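# Structural characterization, general
What follows is each chain in one-letter form.
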Amino acid sequence: MRTGIQRSSLTPCAIRRTHRRYLLRMCPLRHSGYKVGSLKRPACFKERGARNALLLLSPENKASGVISASLGNHSQALSYHANQLKIPVSVVMPNVAPIMKIENCRSYGANVIIHGHDMKEAKYHAMALAKEKGLTYINGYDHPHIMAGQGTVGLEILEQVPDVNAVLVPVGGGGLLAGVATAIKHLQPHVLIYGVETEKCPSMEMAMQHEEPVSVDIRSTLADGLAVPTVGYNAFRTVKSLIDKLITVNEDWIARAILRLVEQEKYVVEGGGAVGVAAIMAGLVPELAGKKVVCILSGGNIDTTILGRCLERGLAAEQRLVKFKVTVSDRPGGIAELCKLIASIGVSIKDIMQERAWVFGDIFSVRVKVVCETRGPEHLEQLRNIITSTYKEWYFAREWDENERRPSTNSIDDVSH
């Protein structure tokens with residue numbers, strides 16, 4: 001692997017105190033660290049396993065070429081390193097794969113095939129093509145050489161943070177978790193290994209409950225890189241006795257984690273890479289208070305449009321982006337008075353819309369929908385107080401309970417078909 005991934009260029013593992021007001025206020029860790037896997041091409045940890053698997057192919061298999069199925073990160077890594085090693089490569093990606101990841105694979109010279117609605121359909125098609133055309137199928141999360149390559153993340157963490165107490169690992173198909181857990185538990189058995197996955201696709205949680213990998217429905221998720229319906233059998237058997245805790249996180253907390261990493265750490269991280277930070281922010285690991293913890297930020301391949309949505313969702317979840325409706329006088333100056341009132345406490349209006357036809361009661365009134373920016377919960381409460389004390393009819397959308405973890409598993413965009 002060192003022929004392609006040089007030891008002199010370890011990915012950063014930044015350690016800093018975590019008493020900041022927003023990031024970890026619900027779990028005051030002594031230090032938090034970020035093992036950043038998104039600062040090199042192809043901007044994810046997957047290149048480690050892909051390079052290792054390609055290097056270990058026989059000359060005959062290298063000549064005939066390889067194929068794989070992936071939502072994007074494994075496809076990019078395989079395409080990038082196969083191009084460097086002059087190995088023909090085809091990748092099958094479902095139609096829900098992010099556009100940026102598809103285009104990146106094409107730019108690396110891969111034969112990109114779009115097929116199926118999810119990973120399950122894409123994988124079956126890729127395996128059928130491998131058999132038909134005599135290609136070597138490389139599983140992105142369950143091949144032993146892939147898992148061995150991902151394990152180098154764990155080795156680097158121990159080298160860079162020798163006194164680490166716990167490591168939070170994103171879980172999709174389980175390859176990264178298997179590799180990291182094997183490496184760290186072999187060298188430092190006392191280090192806690194936590195797996196973190198999204199509530200929208202809890203495939204490892206279901207596997208643990210059923211004592212074997214089972215298929216779960218896939219729903220649209222911010223953590224698209226973790227949307228694997230069935231964890232790998234090798235990965236499951238490897239991690240079953242090694243991990244200390246498995247956590248599922250809500251989509252709102254993933255959005256907040258993406259926002260927090262952009263604002264405070266200046267890291268652009270995709271949803272699947274931010275789940276560890278999301279688990280800490282959500283207060284799901286209180287037992288780690290006072291410990292030195294490393295979160296693996298496994299990738300930064302996120303579409304610009306999706307990033308924008310995540311940032312807005314995060315702002316809304318933190319009560320910094322607020323929507324409310326209020327009924328005001330439709331006489332001259334009515335809306336102007338509302339705007340002046342909002343501005344008087346330093347709230348910034350982003351959007352305002354008037355509604356007259358569907359207002360009941362006084363014909364000389366208008367319902368106004370306002371989207372505005374606040375500094376946080378305290379500022380929102382100030383806004384709420386001034387609106388409720390001035391007007392008779394009002395409604396604030398999505399009253400947020402800081403301690404409530406609302407299910408994110410219900411979705412109108414069910415792509416499992």
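Residues numbered from 1 in each chain as written. Predicted model: local features only at pLDDT ≥ 70, side-chain atom pairs only at ≥ 80, totals over all residues. Heavy atoms only, no water.

Before going further, it helps to examine the sheet that holds strand β14 (residues 394-396). The strand order across the open sheet formed by four strands is β12-β13-β11-β14, and the pairing between neighbours is antiparallel. The open sheet terminates on both sides in strands that have one partner only, identified here as β12 (348-355) and β14. Pairwise comparison of adjacent strand axes, ignoring direction, gives a mean angle of 15° for this sheet. Across the sheet, helix α15 (residues 377-390) lies against β11 (321-329), β13 (365-373) and β14, angled at about 165° from β14, the strand it touches most. (Pairing = 2+ DSSP bridges. Helix = DSSP H or I, 4+ residues; strand = E, 2+ residues; numbered from the N terminus. Axes fitted to C-alpha atoms, helices over the stretch in contact; angles between N-to-C directions. Contact = heavy atoms within 4.5 Å.)

In this approach, a probe sized like a water molecule rolls over the atoms, and the result shows the empty space that is left. Summed over the entire model, instances satisfying the criterion amount to six cavities of 30 Å³ or more. As for the largest cavity, its lining consists of 27 residues, and the residues nearest its centre are Phe45, Lys46, Gly173, Gly225 and Leu226. Those elements giving two or more residues to the lining of the largest cavity turn out to be α3 (73-84) and α8 (175-187). Looking at the lining of the largest cavity, the element that brings in the most residues is α8, giving three residues. Across the lining of the largest cavity, the residue classes break down as eleven nonpolar, 13 polar and three charged. (1 Å grid on protein atoms, 1.4 Å probe; cavity = no way out; pocket = protein on both sides within 12 Å on 5 of 7 lines; lining within 4 Å. Points joined across faces, edges and corners; volume = space filled by probe spheres on them. Nonpolar A, V, L, I, M, F, W, Y, C, P; charged D, E, K, R; others polar.)

As a further point, take the sheet that holds strand β3 (residues 66-69). Taken in spatial order, the four strands line up as β5-β4-β3-β6 in an open sheet, and their pairing is parallel. Either end of the sheet is taken by a strand with one partner, and the two such strands are β5 (111-114) and β6 (136-137). Pairing between β3 and β6: two bridges, direction parallel. When the sheet's bridge partners are listed, Val66 is paired in β6 with Thr136. Sitting on the sheet, helix α4 (residues 99-107) is in contact with β4 (89-93) and β5, with an inclination near 150° to β5. Running over the sheet, helix α5 (residues 119-133) touches β3, β4, β5 and β6 and is turned about 165° from β3.

This next bit is on unusual backbone geometry. Positive phi is not limited to glycine here, since Lys86 has a value of about 60°. Relative to the assigned elements, Lys86 resides in the loop between α3 and β4.

As a further point, take the packing of aromatic side chains. This model, assessed by the stated rule, comprises three aromatic pairs. Residues Phe324 and Phe396 carry aromatic rings whose centres are separated by 4.9 Å and whose planes lie at 20° to one another, so their mutual orientation is stacked. Here Phe324, found in strand β11, pairs with Phe396, found in strand β14; they are 72 residues apart in sequence, far enough to count as distant. Taking the centre distance of 6.5 Å and the plane angle of 65° together, the rings of Trp394 and Phe396 count as edge-to-face. Given a relative accessible area of 5%, Phe396 falls into the buried group. Ring pairs connect the aromatic residues Phe324, Trp394 and Phe396, which therefore count as one cluster. (Phe/Tyr/Trp six-rings, centres within 6.5 Å; stacked < 30°, edge-to-face > 60°. Buried < 20%, exposed > 50% of the residue type's maximum accessible area, 1.4 Å probe, protein only.)

What follows is about helix α1 (residues 47-55). With eight of nine residues buried, α1 is to be regarded as a mostly interior element. Within α1, burial applies to Glu47, Arg48, Gly49, Ala50, Arg51, Asn52, Ala53 and Leu54.

Across the interface, helix α11 (residues 251-265) lies against helix α13 (residues 304-317) with an axial gap of 7 Å and an inter-helix angle of 105°. In terms of orientation, α11 and α13 fall into the roughly perpendicular class. Contact with α11, carried on its side by Asp252, Ala255, Arg256, Ile258, Leu259 and Val262, involves Leu307, Cys310, Leu311, Arg313, Gly314, Leu315 and Ala317 of α13 and no other residues of that element. Considering only residue class, the contact of α11 with α13 consists of nine nonpolar, one polar and three charged. (Parallel < 35°, antiparallel > 145°, perpendicular 65-115°, else oblique.)

For the rest of this paragraph, the subject is α15. Given a rise of 1.5 Å per residue, 14 residues ought to cover 20 Å, and the 20 Å separating the end C-alpha atoms of α15 matches this to within 8%. Residues of α15 that are buried: His379, Leu380, Leu383, Ile386 and Ile387. Considered in projection along α15, the buried side chains sweep an arc of 130° and stay on one side of the axis. Facing away from the buried side of α15 by over 90 degrees, the exposed positions are Glu378 and Ser389. Against β11, α14 (334-343), β13 and β14 lie the buried residues of α15. (Expected span 1.5 Å × (residues − 1). Arc of directions from axis to C-beta.)

On to the pattern of salt bridges, then. In total, this model carries 17 salt bridges according to the counting rule given. The closest approach of N and O atoms between Lys245 and Glu287, which form a salt bridge, is 3.1 Å. You can see Lys245 sitting in strand β9 (residues 245-249) and its partner Glu287 sitting in the loop between α12 (275-281) and β10 (292-297), a full 42 residues away along the chain. Using a relative accessible area of 26% as the deciding quantity, one classes Lys245 as partly exposed. In this structure Glu287 comes out as partly exposed when scored by relative accessible area, which is 37%. (Salt bridge = Lys/Arg side-chain N within 4 Å of Asp/Glu carboxyl O.)

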